[in-house]
Amino acid sequence: MAQWYYGSPAGQSGPVEEHQLRELIAAGQLVPETLLWRDGMKDWVRLDALPEFGPGMQSPYAPPGAFHPGYYQPVPTSGLAIASMVCGIIAVVACYIHALFGLPAVICGHMAISAIRSSPVPVAGRGMAIAGLVLGYLGILFTVGFAVIFGVAIFSHSL
């Protein structure tokens, strides 16, 4: 079996057997930019340029979808969840017009939760959507409460 050498922060490391190299890849100690070389190669080559270790290579040591440091891709946040939370916050702090922002907060919150739940890829923002829903419903409740209190005050004053 071929003996591999690889570049590391300490300099050149190796030789290691191919199975040891695959273990290092699976553990996330080697990233796509790591340079590799073995006997018979003219120059050092990046790990992701080697077909046997390239992007399509499934490591036998890690389950598919396992986390590999250096391969992290951030999860996008739902824009509807952010809009729901912002509208919900405004709905609670707005004077006398709580429902003006509470209604969009509730609508965006429900749409965000539905979109997050049905998304084939992970989407963040469920907590923001729930916060927007709660604050939106509170804003609507404040508006209804103020209308009832105002109506009772006017009705009792006219008697």
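Scroll up a little and you will see the structure.
All of these numbers come straight from a predicted model, not from anything done at the bench. (Residues numbered from 1 in each chain as written. Predicted model: local features only at pLDDT ≥ 70, side-chain atom pairs only at ≥ 80, totals over all residues. Heavy atoms only, no water.)

A.B. asks: Would you mind going over the overall build of the protein in detail, with residue names and values included?
C.D. replies: A count of helices and strands for the protein gives four helices and four strands. Moving toward the C terminus, one meets the helices and strands of the protein in the order β-β-α-β-β-α-α-α. The proportion of buried residues among the 159 residues of the protein is 29%. For the protein, restricting intrachain contacts to residue pairs at least 6 apart in sequence, the fraction spanning at least 24 positions comes to 59%. A total accessible area of about 10,100 Å² is found for the protein, and carbon and sulfur atoms account for 68% of it. (Helix = DSSP H or I, 4+ residues; strand = E, 2+ residues; numbered from the N terminus. Buried < 20%, exposed > 50% of the residue type's maximum accessible area, 1.4 Å probe, protein only. Contact = heavy atoms within 4.5 Å. Areas by Shrake-Rupley, 256 points an atom, 1.4 Å probe, with all protein chains shown as cover.)

A.B. asks: So what's going on with the packing of helix H2 (residues 79-93) against helix H4 (residues 126-158)? Residues and values would help.
C.D. replies: The interhelical angle for the contact between H2 and H4, taken along N-to-C directions, is 30°, at an axis separation of 7 Å. As judged from the angle between their axes, H2 and H4 are roughly parallel. With respect to the hand of their crossing, H2 and H4 are arranged in left-handed fashion. Of H4, the residues touching H2 (which contributes Ala81, Ile82, Ser84, Met85, Gly88, Ile89, Ala91 and Val92) are Met128, Ala129, Ala131, Gly132, Leu133, Leu135, Gly136, Leu138, Gly139 and Phe142. Residues that form the contact of H2 with H4 fall into these classes: 13 nonpolar, five polar and no charged. (Axes fitted to C-alpha atoms, helices over the stretch in contact; angles between N-to-C directions. Parallel < 35°, antiparallel > 145°, perpendicular 65-115°, else oblique. Left-handed = near helix turned anticlockwise from the far one by under 90°. Nonpolar A, V, L, I, M, F, W, Y, C, P; charged D, E, K, R; others polar.)

A.B. asks: Tell me about the pattern of salt bridges, residues and numbers included.
C.D. replies: Between side chains of opposite charge, pairing is possible as soon as their charged atoms come close. The full count for this structure, using the stated rule, is two salt bridges. Residue glutamate 18 is joined to arginine 22 by a salt bridge in which the shortest nitrogen-to-oxygen separation is 2.9 Å. Here glutamate 18 and its partner arginine 22 are both found in helix H1 (residues 18-26), four residues apart, which amounts to about one turn of the helix. Just as glutamate 18 is buried, arginine 22 falls in that class too. (Salt bridge = Lys/Arg side-chain N within 4 Å of Asp/Glu carboxyl O.)

A.B. asks: Tell me about the packing of H2 against helix H3 (residues 98-118), and please be specific about residues and values.
C.D. replies: Put simply, H2 and H3 touch, their axes get as near as 7 Å, and they point 155° apart. Considering the angle they form, H2 stands roughly antiparallel to H3. Where H2 crosses over H3, the two elements pack in a sense that is left-handed. The residues of H3 that touch H2, namely those facing Leu80, Ala81, Ala83, Ser84, Cys87, Gly88, Ile90, Ala91 and Val92, are His98, Phe101, Gly102, Pro104, Ala105, Cys108, Gly109, Met111 and Ala112. Grouping the constituent residues of the contact of H2 with H3 by class yields 13 nonpolar, five polar and no charged.

A.B. asks: Please give an account of H3 that cites residues and values.
C.D. replies: Here H3 spans 30 Å end to end across 21 residues, near enough to the 30 Å set by a 1.5 Å rise per residue. If you follow the buried residues of H3, they end up packed against H2 and H4. (Expected span 1.5 Å × (residues − 1).)

A.B. asks: I'd like a rundown of the nonpolar core, residues and numbers included.
C.D. replies: Core analysis: the biggest nonpolar cluster contains 12 residues, these being Trp4, Tyr6, Val16, Leu21, Leu24, Ile25, Leu30, Leu36, Met41, Leu47, Leu50 and Phe53. Only strand S1 (3-8) and H1 provide two or more residues apiece to this core. Broken down by element, the residue count for this core peaks at three residues, all from H1. Counting six residues, the second-largest nonpolar core is a separate cluster that includes Ala81, Val106, Ala112 and Leu133. (Core = buried A, V, L, I, M, F, W, Y, C linked by side-chain atoms within 4.5 Å.)

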